[in-house]
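In case you want the letters, here they are:
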Amino acid sequence: MPSVFPFLEFSMSTAITYSRYGGPDVLTPAEVDTPEPGPGQVRIKVRAAAVNPIDLKIRSGMMDGIFPVEFPVVPGWDVAGVVDKVGEAATASVGDEVFGAASVGGYSEYALLDQPVAKPKEVSFDTAAAVITVGETAYRGLHHLGAKKGETLLVHGAGGSVGTIAVQLAVSRGITVVGTAGDRDIERLTVLGATAVPYGEGWAQRVRAAAPQGVDHVFDASGAGVLPDSIALVGDAARVITIADMAAAQHGVRFTGADPADRFWQALPQLADLIAVGKLDVPIGSIYPLAEAARAHADIEARRARAKVILTP
């Protein structure tokens, strides 16, 4: 039946939404208004959206008060796709392949980008989406630490998505890297150029043995209560940074990640170029259809999914 108001255009598309905090089951596919780009924005047809741990924490209500939401929520930020509409003065054109942090939820058929980044043809949509948050976080942590060529960096949680990127970036800069990780990640981190040691009780002694020259900086991507011993290793809380331990302030350690203004999105083109020339690997674990976002969240929480998890509309 034709619209009563033919001069008005209403466009709907599919997204994943939730209207209350809870477990993965609160995530459901829904028809939503297709977003329209404003000045400087582009709209993309999403080809890949990455799932990040913060998505699960926000969905559960754990971050209520830190990341306030307005229900219904379309979760997710990290997207890659093809520009299909542009706002005035946008920096990309229709048909461009781009990626970046969505200003409107990423678990969707369409998303808006304020700062679209050109995707090199050598980089897949899945990989482009996967690197956004973890790559920016790793880059930011190293920037704040100021680790330099010839120094030694300890990365806690080196086997995780952020840790893996931090290891590679540091090694490429001539920094000696020691990483704590689970047994199943030891060999992979060794191939990436780090000296990997098992985490858990006694980790500090194992790090000292692996780095008799001493440790200059610590990047905690684990949140496993390692800050006191890390400070003891380097002798100065200012040489330690965490993205995962909310008790950081109690130890005089910088926590980075809570302030949206503290972001290095300008790192994304550099990260993409490193991927394109084979100097940065972003492990992707599982790929789910967009409609199965709830299963993706459940598998992550149950530790059935490793590495980066991707949704494809």
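All values reported here derive from a predicted model rather than from experimental measurement.

Enquirer: Sorry, what's going on with the environment of Trp77 here?
Expert: By the secondary structure assignment, Trp77 is in the loop between helix 1 (53-60) and strand 4 (78-86). Its relative accessible area of 32% is what places Trp77 among the partly exposed residues. Taking the C-alpha atoms as reference, Trp77 lies 37 Å from Gly235; in sequence the two are 158 residues apart. Aside from chain neighbours lying at most four places away, what touches Trp77 is Ile54, Asp55, Ile58, Gly100, Ala101, Ala102 and Gly106.

Enquirer: Help me understand the sheet that holds strand 9 (residues 176-181), please; the structure alone is not making it clear to me.
Expert: Within a sheet, adjacent strands bond to each other through the backbone by hydrogen bonds, running parallel or antiparallel. Taken together, six strands build an open sheet; the order of strands is 10-9-8-11-12-13 and the sheet is parallel. The open sheet has two edge strands with one neighbour each: strand 10 (195-198) and strand 13 (254-255). Two elements, strand 8 (residues 152-156) and strand 9, share five bridges in a ladder whose sense is parallel. Looking at the pairing, His156 lines up with Thr180 of strand 9.

Enquirer: Help me understand the packing of helix 2 (residues 125-145) against helix 7 (residues 268-276) in this model?
Expert: Helix packing geometry: the angle between the two helix axes and the distance between the axes. With their axes 10 Å apart at the nearest point, helix 2 and helix 7 run at an angle of 120° to one another. What the angle tells us is that helix 2 and helix 7 run oblique. For helix 2 against helix 7, the interelement crossing comes out right-handed. Only Leu268, Gln270, Leu271 and Ile275 of helix 7 make contact with helix 2, whose side of the interface consists of Thr127, Val131, Ile132, Gly135, Glu136 and Tyr139. Split into classes, the residues belonging to the contact of helix 2 with helix 7 amount to six nonpolar, three polar and one charged.

Enquirer: What should I look at first to understand the nonpolar core in this one?
Expert: Generally speaking, nonpolar side chains in soluble globular proteins are found buried as a group. Ranked by internal contacts, the top residues of the largest apolar core, which has 47 residues, are Phe99, Leu153, Leu169 and Phe219. For this core, the secondary-structure elements that each account for two or more residues are strand 3 (42-51), helix 2, strand 8, helix 3 (161-172), strand 9, helix 4 (183-191) and helix 7. When residues in this core are grouped by element, the largest group, 11 residues, is from helix 2. In contact with Leu169, not counting residues within four places along its chain, are Ala138, Tyr139, Leu142, Leu271 and Leu274.

Enquirer: Would you explain helix 1 in this entry?
Expert: Count 3.6 residues to each turn of an α-helix, and residues three or four apart come out pointing the same way. Listed in full, the buried residues belonging to helix 1 are Asp55, Leu56, Ile58 and Arg59. Projected onto a plane normal to the axis of helix 1, the buried residues spread over an arc of 165° and lie on a single side. Those residues of helix 1 that are buried are in contact with strand 3 and helix 8 (293-301). Note on helix 1: the residue one or two positions beyond its end, Gly61, has a positive phi of about 95°.

Enquirer: Would you take a moment to explain the packing of helix 5 (residues 203-210) against helix 6 (residues 227-234) for this structure?
Expert: Contact geometry of helix 5 with helix 6 gives a least axis separation of 10 Å together with a crossing angle of 25°. It follows from the interaxial angle that helix 5 and helix 6 lie roughly parallel. You can see that helix 5 and helix 6 cross each other, and the crossing is right-handed. Of the residues in helix 6, those touching helix 5 at Trp203, Val207 and Arg208 are Asp229, Ser230 and Leu233.

Enquirer: Would you take a moment to explain the pattern of salt bridges for this structure?
Expert: One side chain can pair with another of opposite charge once the charged atoms of both are near each other. Evaluation of the coordinates by the stated rule reveals 13 salt bridges. The salt bridge partner of Arg295 is Asp299, with a shortest N-O separation of 3.8 Å. Here Arg295 and its partner Asp299 are both found in helix 8, four residues apart, which amounts to about one turn of the helix. Overall, the relative accessible area of 43% leaves Arg295 in the partly exposed class.

Enquirer: Is there a simple way to explain the packing of aromatic side chains in this structure?
Expert: Each pair of aromatic rings is reported with the distance of its centres and the angle of its planes. Taken as a whole and judged by the stated rule, the model has four aromatic pairs. Between Phe67 and Trp77, the ring centres sit 6.4 Å apart and the planes meet at 55°, which makes this aromatic pair tilted. Of this pair, Phe67 sits in the loop between helix 1 and strand 4 while Trp77 sits in the loop between helix 1 and strand 4, and the two are 10 residues apart along the sequence. By relative accessible area, which is 16% here, Phe67 ends up buried. Taken together, Tyr18, Tyr21 and Phe71 form an aromatic cluster joined through their ring pairs. One cation-aromatic arrangement involves Lys45 over Tyr110; the distance from NZ or CZ to the ring centre is 5.6 Å. Over the ring of Tyr139 we find Arg173, and its NZ or CZ is 5.4 Å from the ring centre.

How each quantity is defined
- Per-chain numbering applies: the sequence of each chain, read as written, is numbered from 1 onward.
- Only residues with pLDDT of 70 or above have their local features reported here, since the model is predicted, and side-chain atom pairs are shown and tallied only from 80 upward, although totals for entire chains, interfaces and linings are computed over all residues.
- The side-chain figures draw on all heavy atoms in the structure; neither hydrogens nor water molecules are used.
- Runs of E in the DSSP output that reach at least two residues are strands. Runs of H or I that reach at least four are helices, and both are numbered from the N terminus.
- Using a 1.4 Å probe on the protein chains alone, a residue whose accessible area is under 20% of its type maximum counts as buried, one over 50% counts as exposed, and one in between counts as partly exposed.
- Here, residues are in contact when the closest pair of their heavy atoms is within 4.5 Å.
- At least two bridges found by DSSP between two strands is the condition for calling them paired.
- Axis angles are defined between N-to-C directions and span 0 to 180 degrees, where every axis is a line fitted to C-alpha atoms and, for a helix, only to the segment in contact.
- In what follows, roughly perpendicular refers to angles from 65 to 115 degrees, roughly parallel to angles under 35, roughly antiparallel to angles over 145, and oblique to any angle outside these ranges.
- Left-handed describes a crossing in which the near helix is turned anticlockwise from the far one by less than a right angle; the clockwise case is right-handed.
- Only Asp, Glu, Lys and Arg are considered charged in this grouping, and only Ala, Val, Leu, Ile, Met, Phe, Trp, Tyr, Cys and Pro are considered nonpolar; every other residue, Gly among them, is considered polar.
- In this description, a nonpolar core means a group of buried Ala, Val, Leu, Ile, Met, Phe, Trp, Tyr and Cys residues linked to one another through side-chain atoms lying within 4.5 Å.
- Of all possible arcs, the one meant is that of the directions from the helix axis to the C-beta atoms.
- The term salt bridge refers to a pairing of a side-chain nitrogen on Lys or Arg with a carboxyl oxygen on Asp or Glu at a separation within 4 Å.
- Working definition: a ring pair exists when centres of Phe, Tyr or Trp rings (six-membered ring for Trp) sit within 6.5 Å. Plane angles under 30 degrees give stacked, over 60 give edge-to-face, the rest tilted.
- In this analysis the charged atom, NZ for Lys or CZ for Arg, is taken to sit over a ring once it is within 6 Å of the ring centre and within 35 degrees of the ring normal.

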